[in-house]
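Structural description and commentary
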Amino acid sequence: MMERELSGTDLCLIMSNGVVDREAYQSLYYLYQPIIGVKALGLYQTFWSEMIPGKTKSQYISHAELGTLLGFSVEEFKEELFKLEGIGLIRTFEAKQAAYRYVYQIRVPLAPHTFLNDGVLSSLLFYRVGEIRFRSLQNRFRTEPLPKNVVDRTVRFDQVFDVKAGLASAHQPKSYAKQERAAYEFDYSFDLEEMKRQTDRFLPRSFYTKSIDHLLLKLAYVTQSNEALMAELLNARFRHEAYLPMTDSEKQERCKQMMLSAKQKLSREKKAKVAVLEEVEVGELSETETMEGTHPKHYVAKLRKVKALSERDEELIQQLIIDYEMSSGIVNAAYYYALVIKKDNRFSKNFLLSIVDDWKQKGYVTAAEALAKTKEQDELISKKQDQKQERSRQTVGGRRGRSNATGPNPKWLQEEKEKQQQYEATKKASFEAEVPDDEEMERILRELKGK
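Notes on the structure follow. Note that residues are indexed from 1 along each chain, following the sequence as it is written. It should be noted that, the model being predicted, local features are given only for residues of pLDDT at least 70 and side-chain atom pairs only at 80 or more, the latter also being counted only at that level, while totals for whole chains, interfaces and linings use all residues. Water and hydrogen atoms play no part in the side-chain values, which are based on all heavy atoms of the structure.

Focus: helix α8 (residues 192-199)
Type-normalised accessible area, obtained with a 1.4 Å probe on protein chains alone, sets the label of each residue: buried when under 20%, exposed when over 50%, and partly exposed for intermediate values. Where helices and strands are cited, they refer to DSSP runs of H or I of at least four residues and of E of at least two residues respectively, numbered from the N terminus. Within α8, the full set of buried residues consists of Leu192, Glu193, Met195, Lys196 and Thr199. The buried residues of α8 occupy an angular sector of 160 degrees when the element is viewed end-on, so they sit on one face. Contact definition: two residues touch when any of their heavy atoms are within 4.5 Å. Contacts from the buried residues of α8 go to α9 (210-223) and α10 (227-238). Contacts described as polar in this section are N or O atom pairs within 3.5 Å, which, within protein, must combine one atom able to donate a hydrogen with one able to accept it, while residues neighboring in sequence count only if both atoms come from side chains. Two to three positions downstream of the cap, the backbone nitrogen of glutamate 193 sits 3.2 Å from a side-chain oxygen, assigning the N-cap of α8 to aspartate 191. Note that the arc is defined by the directions from the helix axis to the C-beta atoms.

A closer look at the sheet that holds strand β1 (residues 11-16)
The four strands are arranged β2-β1-β4-β3 in an open sheet whose pairing can be described as mixed. Each edge of the open sheet is held by one strand with a lone partner, namely β2 (61-62) and β3 (90-94). Being paired, for any two strands, means DSSP has found at least two bridges between them. Alignment of β1 against strand β4 (residues 102-106), held across five bridges, turns out to be parallel. Each bridged residue has a counterpart across the sheet, and for isoleucine 14 the counterpart in β4 is tyrosine 104.

Re a nonpolar patch on the surface
Together, Met441, Ile444, Leu445 and Leu448 line one region of the surface with nonpolar side chains, adding up to about 350 Å² of accessible area. For leucine 448, a relative accessible area of 54% translates into the label exposed. Residues form patches when they are more than 30% accessible in relative terms and have no salt bridge. Like charges link within 9 Å. Nonpolar side chains (Val, Leu, Ile, Met, Phe, Trp, Tyr) link within 5 Å. Residue exposure ignores everything except the shown protein chains as possible cover, and the areas themselves are Shrake-Rupley values with a 1.4 Å probe. Salt bridge, as used here: a side-chain nitrogen of Lys or Arg that lies within 4 Å of a carboxyl oxygen of Asp or Glu.

Re unusual backbone geometry
In this model, asparagine 149 sits at a positive phi of 60 degrees, which is unusual for a non-glycine residue. Mapped onto the fold, asparagine 149 is located in the loop between α5 (119-140) and α6 (157-160). In the Ramachandran plot, lysine 305 falls in the positive-phi region, its phi being about 65 degrees despite a non-glycine side chain. Under the relative-accessibility criterion, lysine 305 is labelled exposed at 77%.

Following this line, the structure appears as structure tokens:
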């Protein structure tokens, strides 16, 4: 048994992540109870009874009070709590610098279909209740299959809804809500309906919402994933959580993390596909046609002269395309501008995001437009800096610089200057007249020798 310090005086807060409905109660009594026992089930129900009506949390309550309600000692309370934690019905968090010490989050039980399809839980239940009872429970919760010789006439999502038009405003950051924005389009060749058919065994159709459909389409484009791989990843990530209540924002965040960690879970088919994709030919990197027609995964790898992108680049490209809704051409142009034109060898993520943020606000649509406009802006800034430096040199350059900077001299100063020049010329002529010539100097020398 795991050790944990619990005291009867410890205050705790109880919270829930959803609501237990009739189906959840069926799962709780028929499937969970044979494994955890009636004491643990009583503790779980006591946690629920402490919830404030209409709220998803309780008042502060101590372990001693909970133990009194159930007739448990602290050690019994701990033992039954660990059973609930181990099977996934309770999550425990220790609070720091708060009035309470522990937070107990009540988790909604798995749906019967999900529970019975889980290899570990179903095996444990089989061991506890025996084969006859287990088969009876399977029959009780079995979903009736569709009749034979029926044809699926259900229309696809993209046949009813305009996917490309809807995506234009689905994931815009809040700071751009009132600004003019350019429309970016992607190649949505990914068959979303085919992927859903491959996940019907473990994900209910209610798991998918319009926003989740949009996100999966974009993730498939960014990561160049096919329908089989996406279904495989969704199975690995959501198989045990699909029937739990989750908000769309929680699902979206987990889907993004799922794709970022997909490298570690690649199937053989995907590994073979990656090997082929890495051999894709990329044209001249400085050409805007190459930027527009090449997936960022291949363009940035060629730009950086590597065979495979780092996780940091993959996460950044995903952020630019999904959260910032930038086109592939704009993303490639931003990398080219940062790494080649500005020669940012250390490649600051914030610098790249500032470039994209500026282009987004100005509504640039193509790589050619973005680079051309940015070049004009850089030249204008450079010209202004040169002019400022020139003015600084003229100001600090001495008397000549100051006279040029202030314009022509006034008339009175010019007259004074002419008078000074005339006076200096007169003094020079007078001095030269008083100096003896060569003949006079020889005469004076002879007189001196005669003496």
